[in-house]
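Listed below are the residues making up each chain.
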Amino acid sequence: MPRAPTADWLCIGETRGRAARCARAHGDGRMAAWGCVAALGAARGLCWRAARAAAGLPGRPSRRCYAVGPAQSPPTFGFLLDIDGVLVRGHRVIPAALEAFRRLVNSQGQLRVPVVFVTNAGNILQHSKAQELSALLGCEAKGPAICLIISLNSSVFLCPRLSWLSLQVDADQVILSHSPMKLFSEYHEKRMLVSGQGPVVENAQGLGFRNVVTMDELRMAFPLLDMVDLERRLKTTPLLRNDFPRIEGVLLLGEPVRWETSLQLIMDVLLSNGSPGAGLATPPYPHLPVLASNMDLLWMAEAKMPRFGHGTFLLCLEAIYQKVTGKELRYEGLMGKPSILTYQYAEDLIRRQAERRGWAAPIRKLYAVGDNPMSDVYGANLFHQYLQKATHDGAPELGAGGPRQQQPSASQSCISILVCTGVYNPRNPQSTEPVLGGGEPPFHGHRDLCFSPGLMEASHVVNDVNEAVQLVFRKEGWALE
């Protein structure tokens, strides 16, 4: 049996006790710990049918084989899959995701069609996200044994025994919110202030930025700037520094931990033209270049209601800048879903993936599966609109947020599929229903996006990602068995 891809996966045990001991011995707190129990369905009073029901999976496990037969033509379509709310919620894998990948992966552990994972998350390294997905999705339901999936918050999933498919998600199949910043080479040599959390320096360097300054480095160089937290205020006045190199731009990779510190220091850099220790009588305008990723106002984790996303932080920064200067904060680059640039970048990765697999037929259709009407559906429909205009009139201008040179699109359509396992709740579709009094629903998109209610209407609405995959296979004439 192939070994699990990361150290966070636990060994296959013969009893529940052994799996529990394994979980206690190896769980390290970084992600959900998994314990698998190879026990017969009737053992300990549990049957495999009850296990499937508890995991939210349909009745009897299918014994169908999904390997591509010799008569199967090369794919002319690909998937753009969101992660949070579609494949996982927090540290919990959504059971339908395992069923979906049982259909998407052949018996050799290879994807039957090109797949790219497109997430607005940005607080993790690209290769680490790929390893995490390999661990979560590299298995399938097989037979009547029991699997316990033990998460750090003591939640337990029961599902049939998992056998490793050896699915390996590569880093170039994962698009984080800031991945398209690799294309902004004109800023890669500039000294950039970076905001976010997690491995921000490593992420910035991986994107090509060679000279970055963190919030902590700036705060330590100019301790008088960060004054909100009384516990962090200095008791004495330090000497002013004049040897700190000028900052030439700002990178906003994701929501930071201390919003008040990041908002204050970013404003100081913009108002001082990169020299926050000096200050200027008149703030410069245009201000220093700002590159930002992830416009999501809200996102869905384990909580019952959505959580603030980086779009909320951007909203705060824009409002403060407008109030202080009377002018609008401008972006040289704005990426992450729903920006067209992110979908162009995803399409290019789909094309390269197909070429590596030797699939000669061009990928003409993209199916974008997501849980957020504002980012996933809006973005897919916006890109579809872009593709239609490009087909008839040539590629239109991207506006703010895109390198000037893009390879012409081979795709002709991008079809949006909305699932009900994340932000979107069919019983309470707040963002799509009119408000009381007949007014328009609240617009959760970014300021620089034109609000078009029609772009928030998905081409298809399904329960989960497994139903989405089945829908696409039927539309494309692909057999499910």
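1. As for the pairing of strand 3 (residues 77-81)
- Most of strand 3 is tucked away: five of the five residues are buried.
- Along strand 3, one buried face is formed by Phe 77, Phe 79 and Leu 81 and the opposite face, lined by Gly 78 and Leu 80, is buried too.
- Of the strand pairs in this sheet, strand 3 and strand 17 (residues 365-370) are connected by five bridges, and their pairing is parallel. Within the sheet, the bridge partner assigned to Leu 81 lies in strand 17 and is Val 369.
- As judged from the three bridges shared by strand 3 and strand 6 (residues 115-118), these two strands associate in the parallel manner. Looking at the pairing, Phe 79 lines up with Val 115 of strand 6.

2. Considerations on the nonpolar core
- Residues Phe 79, Leu 87, Phe 101, Phe 117, Leu 137, Val 369 and Val 465 are the most contacted members of the largest nonpolar core, which totals 43 residues.
- The set of elements that each furnish at least two residues to this core consists of strand 3, helix 3 (95-104), strand 6, helix 4 (126-137), strand 17, strand 18 (413-419) and helix 11 (465-475).
- Here Phe 79 is in contact with Leu 104, Val 113, Pro 114, Val 115, Val 116, Ile 350, Tyr 367, Val 369, Val 469, Val 472 and Phe 473, once residues within four sequence places are set aside.
- One finds Met 215, Leu 263, Met 267 and Leu 329 within the second-largest nonpolar core, a separate group that totals 28 residues.

3. What about the packing of aromatic side chains?
- Counted under the stated rule, the structure contains 13 aromatic pairs.
- When the ring of Phe 77 is compared with that of Trp 478, the centres are 5.3 Å apart and the planes differ by 80°; the resulting orientation is edge-to-face. Of the two residues, Phe 77 sits in strand 3 while Trp 478 sits in the segment after helix 11, which places them 401 residues apart along the sequence. Here the two residues Phe 77 and Trp 478 agree in accessibility, since each one is buried.
- Here the aromatic rings of Trp 259 and Phe 313 are separated by 5.3 Å at their centres, their planes lie at 85°, and the arrangement is edge-to-face. Taken together, the residues Trp 259 in helix 7 (residues 259-271) and Phe 313 in helix 8 (residues 310-325) connect sequence positions 54 residues apart.
- Judged by its relative accessible area of 0%, Phe 313 is buried.
- The rings of Phe 77, Phe 79, Tyr 367, Phe 473 and Trp 478 are connected pair by pair, giving a single aromatic cluster.
- Positioned above the aromatic ring of Phe 244, the side-chain terminus of Arg 191 is 5.0 Å from the ring centre.
- Taking NZ or CZ as reference, Lys 327 lies 5.7 Å from the ring centre of Tyr 285, over its face.

Analysis parameters
Residues numbered from 1 in each chain as written. Predicted model: local features only at pLDDT ≥ 70, side-chain atom pairs only at ≥ 80, totals over all residues. Heavy atoms only, no water. Buried < 20%, exposed > 50% of the residue type's maximum accessible area, 1.4 Å probe, protein only. Helix = DSSP H or I, 4+ residues; strand = E, 2+ residues; numbered from the N terminus. Pairing = 2+ DSSP bridges. Core = buried A, V, L, I, M, F, W, Y, C linked by side-chain atoms within 4.5 Å. Contact = heavy atoms within 4.5 Å. Phe/Tyr/Trp six-rings, centres within 6.5 Å; stacked < 30°, edge-to-face > 60°. Lys NZ or Arg CZ within 6 Å of the ring centre and 35° of its normal.

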